[in-house]
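Residue-level listing of the chains:
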Amino acid sequence: MNKKELVEQVAEQANLSRSKAELVVNAFISNTQETLASGDIVQLIGFGTFSVADRAARKGRNPQSGEEIHIPACKLPQFKPGNKFREMIK
């Protein structure tokens, strides 16, 4: 499912116009990104938790030359599914 399909499904299920549904989806994405960028988490009970994880610096290897390279530390977004969501997928 891509963003366009998600907007269409939200519009259908919430009985909204496509443009209003797109505003809702965009608002959710924007607010989630801003919240994670500020260091907080987004927790949706029954669905899951979005958070930011620190990834330590490490050594890697260039696959073409075999040369060892340094990969710097960074922060990555992370999603942990909730119990209800995990059970649905099984």
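Notes on the structure follow. (Residues numbered from 1 in each chain as written. Predicted model: local features only at pLDDT ≥ 70, side-chain atom pairs only at ≥ 80, totals over all residues. Heavy atoms only, no water.)

Regarding the packing of aromatic side chains
What counts, and what does not: Classification of ring pairs rests on two measures: the distance between centres of Phe, Tyr or Trp rings, Trp counted by its six-membered ring, which must be within 6.5 Å, and the angle between planes, read as stacked under 30 degrees, edge-to-face over 60 and tilted in between. Numbering of helices and strands starts at the N terminus; helices are DSSP runs of H or I of at least 4 residues and strands are runs of E of at least 2. Using a 1.4 Å probe on the protein chains alone, a residue whose accessible area is under 20% of its type maximum counts as buried, one over 50% counts as exposed, and one in between counts as partly exposed.
For the structure on display, the rule yields 5 aromatic pairs. Ring geometry for phenylalanine 28 against phenylalanine 50: centres 6.5 Å apart, planes inclined by 70°, an arrangement best described as edge-to-face. Residue phenylalanine 28 is located in helix α2 (residues 18-37), and its partner phenylalanine 50 is located in strand β2 (residues 48-55); the two are separated by 22 residues in the primary sequence. Overall, phenylalanine 50 belongs to the buried group, its relative accessible area being 18%. Here phenylalanine 79 and phenylalanine 85 contribute two aromatic rings whose centre-to-centre distance is 6.3 Å and whose plane-to-plane angle is 70°, an arrangement assigned as edge-to-face. The exposure class assigned to phenylalanine 79 is partly exposed, which follows from its relative accessible area of 32%. Among the aromatic residues, those joined into a cluster by ring pairs are Phe28, Phe47, Phe50, Phe79 and Phe85.

Comments concerning the pairing of strand β3 (residues 58-61)
Put simply, the rule is: Here, strands pair whenever DSSP counts at least two bridges between them.
Looking at chain direction, β3 and strand β4 (residues 68-71) are connected through 4 bridges and run antiparallel. Counterpart to lysine 59 in the pairing with β4 is histidine 70. Turn length for the β3-β4 hairpin, with the two strands adjacent in sequence and antiparallel, is 6 residues, and the turn residue glycine 66 shows positive phi of about 80°.

What about the pattern of salt bridges?
Where we set the bar: Salt bridges are counted wherever a side-chain nitrogen of Lys or Arg sits within 4 Å of a carboxyl oxygen of Asp or Glu.
Evaluation of the coordinates by the stated rule reveals 4 salt bridges. We note a salt bridge from lysine 75 to aspartate 54, for which the minimum N-O separation is 4.0 Å. In this pair, lysine 75 sits in strand β5 (residues 74-81) while aspartate 54 sits in strand β2, placing the two residues 21 residues apart along the sequence. By relative accessible area, aspartate 54 is classed as exposed at 64%. Lysine 90 is the salt-bridge partner of glutamate 87, the closest N and O atoms lying 3.8 Å from each other. Here glutamate 87 and lysine 90 have matching classes, each one exposed. A single salt-bridge network, built from bridges that share partners, covers Lys59, Arg61 and Glu68.

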